[in-house]
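Coordinate inspection notes
Below are the chains, spelled out letter by letter.
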Amino acid sequence: MYDPVQLRTFLTVAQTLSFTQAAGRLGVRQSTVSQHVRRLEEATGRPLFLRDTHSVELTEAGEALLGFARTILEAHERAAAHFTGTRLRGRLRFGASEDFVLTRLPEILEGFRHEHPEVDLELSVELSGILHERLDAGRLDLVLAKRRGPGDERGRLVWRDRMVWIGAEGLRVDPERPVPLIVFPPPGITRARALEVLERDGRGWRIACTSGSLSGLVAAARAGLGVMAHTRGLIPPGLVRVAGLPDLGPVEFALLRGGRNSPEAEALASAILSGADRLTRPA
């Protein structure tokens, strides 16, 4: 038997790749997180994570357990909702970053709609910067978006990764010429990061394409118009990492709540946190 509490801890570590961050998100001590993972490793008879002082990575057994853990927790939550007889209803305004357009976020939302058919879910897909502005203005109840940068600790951490440069296969960036950039318009957080690191490195740049949609940026990149900064775990098909450019650093995605505290927003937040590993998988 696999303990749902231990499985939830395992999923949180897998999503954050940090025992410390997992403890913070779950509201427990780091020693408790380590204990839960150790007990799961004893139950499976396999190591689930490779860890040292600098990094945490899933093992092959850990990757295999992801799907099982999510299925067990979803069944556990459905049973709990059925027997408690709680039915949520009302309006929920949810904003999701453009980054998740090509992932399995729709599956998570579909499951939420199935579990809570009386909740009127309104979805907005925008740049993370715009979502932050709308949340602060009270126009959204819950947002899944990039954090603005180092020092921004708002919301609950969903997933941490690194940003990388990507482009069409075979694309080479001439070090003697300005870097051709494919970017979101302001106030795109990825755009700001790309310009910042290039200017700090003393590299010239030019805007080769601007689009408010991820599909537009991907089309331009596949056509070989230039390079774009993107999250490493969300590289679209047909694009690859491009070498020879300065490091873009880490990126964090978080769930942020608006001023209106509602059980509907909490239920959707729980569904996203439980299925966050799906956000790194293409649809």
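This text gives an overview of the structure that appears in the document. (Residues numbered from 1 in each chain as written. Predicted model: local features only at pLDDT ≥ 70, side-chain atom pairs only at ≥ 80, totals over all residues. Heavy atoms only, no water.)

The subject of this paragraph is the overall build of the protein. Assigned secondary structure in the protein consists of 9 helices and 11 strands. Its C-alpha atoms give the protein a radius of gyration of 20 Å, within 12% of the compact-globule value 19 Å for 283 residues. Dimensions along the principal axes, computed over C-alpha positions, put the protein at roughly 65 × 45 × 30 Å. Burial analysis of the protein (283 residues in total) assigns 47% to the buried set. Looking at the protein alone, contacts between residues at least 24 apart form 75% of all its contacts between residues at least 6 apart. (Helix = DSSP H or I, 4+ residues; strand = E, 2+ residues; numbered from the N terminus. Rg over C-alpha atoms; globule rule 2.2 N^0.38 Å. Buried < 20%, exposed > 50% of the residue type's maximum accessible area, 1.4 Å probe, protein only. Contact = heavy atoms within 4.5 Å.)

Another aspect to go through is the pairing of strand β8 (residues 205-210). Across 5 bridges, the pairing between strand β7 (residues 179-183) and β8 is parallel. Opposite P180, over in β8, you have R206 as the bridge partner. Since β7 and β8 lie parallel, the crossover through helix α7 (residues 189-200) that links them has a hand, and here it is right-handed. (Pairing = 2+ DSSP bridges. Right-handed = clockwise from strand over helix to strand, strands pointing away.)

Quick look at the nonpolar core now. L144, W165 and L279 are the most contacted members of the largest nonpolar core, which totals 41 residues. The leading source of residues in this core is helix α9 (residues 263-274), at 6 residues. Other than its neighbours up to four places away in sequence, L144 contacts F94, G95, A96, S97, F100, L105, L131, V158, A254, L255, I272 and L279. If you look at the next biggest cluster of nonpolar residues, it comprises 20 residues, including L11, L48, L65 and L73. (Core = buried A, V, L, I, M, F, W, Y, C linked by side-chain atoms within 4.5 Å.)

So, on to the packing of helix α1 (residues 4-16) against helix α2 (residues 19-26). For the pair α1 and α2, interaxial distance at closest approach is 8 Å and the crossing angle is 125°. Taken together, α1 and α2 sit at an angle that is classed as oblique. Handedness of the crossing formed by α1 with α2: right-handed. Between α1 and α2, the residues in contact are R8, T9, T12, V13, Q15 and T16 and F19, Q21, A22, R25 and L26, respectively. (Axes fitted to C-alpha atoms, helices over the stretch in contact; angles between N-to-C directions. Parallel < 35°, antiparallel > 145°, perpendicular 65-115°, else oblique. Left-handed = near helix turned anticlockwise from the far one by under 90°.)

Next up on the list: helix α6 (residues 128-136). Of all the residues in α6, the buried ones are S128, G129, I130, L131, H132 and L135. Those residues of α6 that are buried lie in contact with β3 (90-97), β4 (119-126), β5 (142-146), α7 and β11 (250-257). One or two residues past the end of α6 sits G138, with phi positive at roughly 80°.

Here we come to the environment of C209. Along the chain, C209 turns up in strand β8. On the basis of relative accessibility, which here comes to 16%, the residue C209 falls in the buried class. When the C-alpha positions of C209 and M228 are compared, they lie 9.6 Å apart, and in sequence the two are 19 residues distant. Contact partners of C209, with chain neighbours within four places excluded, come to L181, I182, V183 and A220.

Going through the model one piece at a time under the given rule, you end up with 4 aromatic pairs. Each ring, one from F10 and one from F49, has its centre 5.5 Å from the other, and the planes form 50°; the classification is tilted. Taken as a pair, F10 in helix α1 and F49 in strand β1 (residues 49-51) lie far apart in primary sequence, 39 residues in all. Comparing F10 with F49 shows no difference in burial state: the two are buried. An aromatic cluster is built from F10, F19 and F49, whose rings are joined through pairwise contacts. (Phe/Tyr/Trp six-rings, centres within 6.5 Å; stacked < 30°, edge-to-face > 60°.)

By themselves, these are just geometric observations and shouldn't be taken as functional.
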